[in-house]
Amino acid sequence: MKQFPTLTVTNHPLIQHKLTYIRDKSTSKREFKALIDEVGALLTYEITRDLPLTAVEVETPLQKTECHKIDDRNLVIVPLLRAGLGFVDSIQDLIPNCIVSHVGMYRDHVTKEPVTYYTNEMHNPGEKSFIMVDPMLATGGSAVAAVDFLKASGARDIRFMCLVAAPEGVELFAKAHPDVPIFAAALDEKLNEDAYILPGLGDAGDRLFGTN
Ligand code: PRP
Ligand code: URA
């Protein structure tokens, strides 16, 4: 039996190849962002695999035919600020009509607990599909709190996409939200004493935005 039934690790060779450069501390900020974009697009391909399709009629230059569309105007991408922003460009490139609804949360450096500082109002959340995005699932505190917020707002159909997950975070998240599938590029070894993922990639937000 799978250790974490709600976790899908997409260890496609291209993703593993790019993740190697993402992890490397000598990768520049510019390359880091470009690689996050590329892996974000590849993970989006996987996480949207089971989205329902609706039949539509289209007229090609030759004849009418039945084609299929996803309900992109009811698909909501929820980046967990800040680092989740790193995935937004690639998803919007692939699905330009999606809605982007931000949740601002940071992990208190002392307590390691998530602190919410920004949320967007939700309209008809029960009718929408949500993909929450954040490169890092460490203790899982931030992701659990963000999904708590989405569910309290009325969201029901939620998926979570990250780059690197720690076993501790997957366990906490799966306990709190067993109905929310997690898609990751890697399941790493463990957390260190500062709740950073090992081997991880360091602080994703700092590497994306040049802060520290
Ligand atoms: C990072 C990361 C996650 C969170 C994961 O954000 O982007 O949101 O930590 O840690 P957790 O699973 O232990 O909650 P951070 O709080 O560093 O904020 P930032 O995105 O603004 O850098
Ligand atoms: N947040 C990060 O950005 N990196 C970690 O390893 C843990 C939390």
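Predicted model only: the values in this text are computed from it and were never measured. (Residues numbered from 1 in each chain as written. Chains lettered and ligands numbered in written order. Predicted model: local features only at pLDDT ≥ 70, side-chain atom pairs only at ≥ 80, totals over all residues.)

## Section: the site of ligand 2
Applied cut-off: In this analysis, residues qualify as near a molecule or strand once their C-beta atom, positioned from backbone atoms, comes within 6 Å of it. Basically, the charged four are Asp, Glu, Lys and Arg, the nonpolar ten are Ala, Val, Leu, Ile, Met, Phe, Trp, Tyr, Cys and Pro, and anything else, Gly included, counts as polar.
Around ligand 2, the neighbouring residues are Ala83, Met136, Ala138, Tyr196, Ile197, Gly200, Asp203, Ala204 and Gly205. Of the residues belonging to the shell around ligand 2, the class tally is six nonpolar, two polar and one charged.

## Structural notes on the site of ligand 1
Put simply, the rule is: Elements are defined by DSSP. Helices are runs of H or I of four residues or more, strands are runs of E of two residues or more, and each kind is numbered from the N terminus.
Close to ligand 1 lie 22 residues; Ala83, Arg107, Thr139, Ser142 and Gly205 are nearest. Looking at the shell around ligand 1, the elements with two or more residues in it are strand E6 (103–107), strand E9 (136–137), helix H4 (141–152) and helix H6 (204–209). In terms of residue class, the shell around ligand 1 is made up of eleven nonpolar, six polar and five charged.

## Comments concerning unusual backbone geometry
The cut-off we apply is this: Using C-beta atoms placed from the backbone, we call a residue buried if 20 or more other C-beta atoms fall within 10 Å of its own, exposed if 12 or fewer do, and partly exposed for counts in between.
Cis peptide bonds are those with omega within 30 degrees of zero, and the linkage from leucine 81 to arginine 82 qualifies with -5 degrees. Checked against the element boundaries, arginine 82 lands in the loop between strand E4 (75–81) and helix H3 (88–94). In this structure, proline 199 follows leucine 198 across a cis peptide bond, with omega equal to -5 degrees. A positive phi is found at lysine 112, a non-glycine position, where the angle reads about 65 degrees. In this fold, lysine 112 is placed in the loop between E6 and strand E7 (114–119). The class of lysine 112 is partly exposed, set by 14 C-beta atoms lying within 10 Å. A positive phi angle is found at alanine 195, which is not glycine, with a value near 60 degrees. Mapped onto the secondary structure, alanine 195 falls in the loop between strand E14 (190–191) and strand E15 (197–198).

## Concerning the UniProt feature "binding site: uracil" (unreviewed entry) in the chain
Heads up, the rule is: UniProt positions are given in the numbering used here, feature names are shortened, and annotations may be inferred rather than shown by experiment. Contact between two residues is assigned when their C-beta atoms, built from the backbone, lie within 7 Å.
UniProt records the feature "binding site: uracil" (unreviewed entry) at Ile197, Gly202, Asp203 and Ala204, using the numbering of this structure. Structurally, glycine 202 can be placed in the loop between E15 and H6. Leaving out residues up to four positions away in the same chain, glycine 202 has contacts with Lys25 and Arg207. Tracing the chain through its elements places aspartate 203 in the loop between E15 and H6.

## Quick word on H4
Rule in force here: Expected helix span is taken as 1.5 Å per residue step, with the number of steps being one fewer than the number of residues.
The end-to-end C-alpha separation of H4 is 16 Å, in line with the 16 Å expected for twelve residues at 1.5 Å each. Where H4 ends, the next residue or the one after it, glycine 154, has phi of about 115 degrees, a positive value.

## Side note on the UniProt feature "domain: Phosphoribosyltransferase" (unreviewed entry) in the chain
The feature "domain: Phosphoribosyltransferase" (unreviewed entry), as annotated in UniProt, sits at residues 9–211 in this numbering. Here residues 9–211 is 32% helix and 29% strand, with 29 Å between the C-alpha atoms at its ends.

## Brief notes about the nonpolar core
The tendency in soluble globular proteins is for nonpolar side chains to be buried as a group. Let me state the cut-off plainly: The term nonpolar core refers to a group of buried residues, namely Ala, Val, Leu, Ile, Met, Phe, Trp, Tyr and Cys, whose C-beta atoms join them within 7 Å.
Counting residues in each nonpolar core, the largest one holds 51 residues, and the members touching the most others are Met132, Leu137, Cys162, Val164 and Ala184. Here valine 164 is in contact with Pro135, Met136, Ala184, Ala185, Ala186, Asp188, Ile197, Gly200 and Leu201, once residues within four sequence places are set aside.

## Thoughts on the pairing of strand E3 (residues 64–70)
Operational definition: Two strands pair if DSSP finds at least two bridges between them.
Of all seven residues that make up E3, zero are buried, and the element is exposed over most of its length. Of the pairings in the sheet, the one linking strand E2 (residues 53–59) to E3 comprises seven bridges and is antiparallel in character. Residue pairing in the sheet places alanine 55 in a bridge with histidine 68 of E3. Between E2 and E3, which pair antiparallel and follow one another directly, the connecting turn spans four residues.

## Looking at the pairing of E7
In the case of a regular strand, side chains alternate between the two sheet surfaces. Sheet topology note: the E6/E7 ladder contains five bridges and is antiparallel. The residue bridging tyrosine 106 from the neighbouring strand is valine 115, located in E7. Count of turn residues in the E6/E7 antiparallel hairpin: six residues, of which lysine 112 carries a positive phi of about 65 degrees.

## Considering the sheet that holds strand E13 (residues 186–187)
Judged by pairing direction, the sheet is parallel, and its three strands sit side by side in the order E9-E11-E13 without closing on themselves. The open sheet is flanked by E9 and E13, the only strands paired with a single partner.

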